Amino acid sequence: MGREFESLTAHQKYGILAMIILIKKDADASQVENLKGLLRSKNIEPHVSQGSLQTVIGCVGDVAEIDPGLIEALDVVESVQRIQEPYKAANRKFHPDDTTIDCSGVKIGGGAFSVIAGPCSVESAEQIIEVAKAVKAAGATMLRGGAFKPRTSPYSFQGLGKLGLEMLSEAKKETLLPIVTELMDFADIELFNDVDVIQIGARNMQNFNLLKEVGAYTKKPILLKRGMSATIQELLMSAEYIMASGNPNVILCERGIRTFETTTRNTLDLSVVPVLRRLTHLPIVIDPSHATGYSYLVDPVAVAATAIGADGLIIEVHNDPPRAKCDGVQSQTPAMFASTMEKIRKVRATLFE
Ligand code: PEP
Ligand code: MN
């Protein structure tokens, strides 16, 4: 576990929010008073609620220090119930303010909005530099491009690997855009020195060893994509793995989930934004490209995601989508992207600035 996790109080670590003590029906008032005294001696303020059938004592605070077994063993107590949530570091209850994450100078979260754009995969230095310049001119603040690609078929283009990362670095030098790219295997981490944001893809969202290794190794921002059949709680638990290992800089990314619907590549439930906003303080990014699978859907979904309050977008843009080695059907051209950015700016200006 990372040092930051270790320095949390037990309350923060284990997320125990409250404890409810059910008092036996035949308990007398003096026994209840003794129990209240015991709780107070442990800095817990007891809230007694006396019904006609049952008395309940509610305890809110750092109840993690109390062994519920000891309380339960008392004569006067019928049962003890602890209320807790399994994710702590990511939990808004322990961190009420929105988190702003600094991605090599580009901020995201807590009112800062950022658009990551670029091709699904890096194909050549010319391609990535051309796209990087185009998306920057249109207003993108970070450049995406996959060098290690998680493809469904072993016969599909797997990405240029190390060479692809070098091309991304060239594009970064040319445009000064921070780069976002996927890490599939921790064995490659040393190649990622010049990478500004490490993407953990949908297929690896529950690769817990990878999450732990990357969280312990670096404090670079991690863009964590929701698994295609992961619940929101599972997404938060995966963020928790990274944070509990020592890296608090997690950006959550919704990219659609798999449902019975086949018209779109995945199904995007945009209510995930306000839902996550309530549960966590971490920034939330929407990926309209993988969520829909079709370039004509990227623009309206990107606009809607902006309006619903996402902290950012990640959009696939290719200079020649029909010839893209990966995800051409969902890739916007630079012109389409520029038009989407125009709308996004208007939405941001109208609703949030
Ligand atoms: C990608 O970003 O190109 C990608 C493979 O995304 P996901 O992990 O969401 O499928
Ligand atoms: Mn892709």
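Here is a short report on the structure shown in this document. Treat the numbers as computed from the prediction; the structure is a model and nothing was measured. (Residues numbered from 1 in each chain as written. Chains lettered and ligands numbered in written order. Predicted model: local features only at pLDDT ≥ 70, side-chain atom pairs only at ≥ 80, totals over all residues. Heavy atoms only, no water.)

## Looking at the site of ligand 1
Heads up, the rule is: Residues are counted as near a molecule or strand when any one of their heavy atoms sits within 4 Å of it. Under the rule applied, a polar contact is a pair of N or O atoms within 3.5 Å (in protein, one hydrogen donor and one hydrogen acceptor; residues adjacent in sequence only if both atoms are side-chain atoms). Areas reported here follow the Shrake-Rupley algorithm with a probe of radius 1.4 Å; residue values treat only the protein chains shown as occluding. Side-chain classes are defined by residue name, with Ala, Val, Leu, Ile, Met, Phe, Trp, Tyr, Cys and Pro counting as nonpolar, Asp, Glu, Lys and Arg as charged, and the others, Gly among them, as polar.
In the region of ligand 1, 13 residues are neighbours, and Arg144, Lys149, Ala202, Arg203 and Arg255 sit closest. Side-chain polar atom of Arg203 to an oxygen atom of ligand 1: 2.8 Å apart, as the coordinates give it. Take Arg255: an N or O atom from its side chain is 2.7 Å from an oxygen atom of ligand 1. When ligand 1 is considered free in solution it has 300 Å² of accessible area, and contact with the protein chains removes 97% of it. Looking at side-chain class alone, the shell around ligand 1 contains 3 nonpolar, 3 polar and 7 charged residues.

## Description of the pattern of salt bridges
Oppositely charged side chains are able to pair whenever their charged atoms sit close together. Applied cut-off: Any Lys or Arg side-chain nitrogen located within 4 Å of an Asp or Glu carboxyl oxygen qualifies as a salt bridge. Summary of the burial criterion: residues with accessible area below 20% of their type's maximum are buried, those above 50% are exposed, and those between are partly exposed, where the area comes from a 1.4 Å probe applied to protein chains only. Under the scheme used here, helices are H or I runs from DSSP no shorter than 4 residues and strands are E runs no shorter than 2 residues, and both carry numbers assigned from the N terminus.
Scanning the model with the defined rule gives 17 salt bridges in all. Between Asp102 and Lys107 there is a salt bridge, and its shortest N-O distance comes to 3.8 Å. Here Asp102 falls in the partly exposed class, since its relative accessible area comes to 41%. The shortest N-O distance in the salt bridge between Arg277 and Asp311 comes to 2.9 Å. One end of the pair, Arg277, is in helix 9 (residues 272–279); the other, Asp311, is in the loop between helix 11 (295–307) and strand 14 (312–316), with 34 residues separating them in the sequence. Because the salt bridges share partners, they merge into one network encompassing Lys172, Asp194 and Asp196.

## Looking at the sheet that holds strand 14
Worth spelling out the cut-off: What makes two strands pair is DSSP finding at least two bridges between them. For helices, the fitted axis covers only the stretch in contact; all axes are lines through C-alpha atoms, and the angles between them, taken along N-to-C directions, range from 0 to 180 degrees. Here, two residues are considered to be in contact whenever any of their heavy atoms come within 4.5 Å of each other.
The 8 strands are arranged 7-8-9-10-11-12-13-14 in a closed barrel whose pairing can be described as parallel. Taking each pair of neighbouring strands and ignoring which way they run, the sheet shows an average axis angle of 25°. Bridging between strand 10 (residues 197–200) and strand 11 (residues 222–225) involves 3 bridges; their strand directions are parallel. Each residue of the ladder has a partner; that of Gln199, found in strand 11, is Leu223. Sitting on the sheet, helix 5 (residues 125–138) touches strand 7 (114–118) and strand 8 (142–144), and the angle it makes with strand 8 is about 145°.

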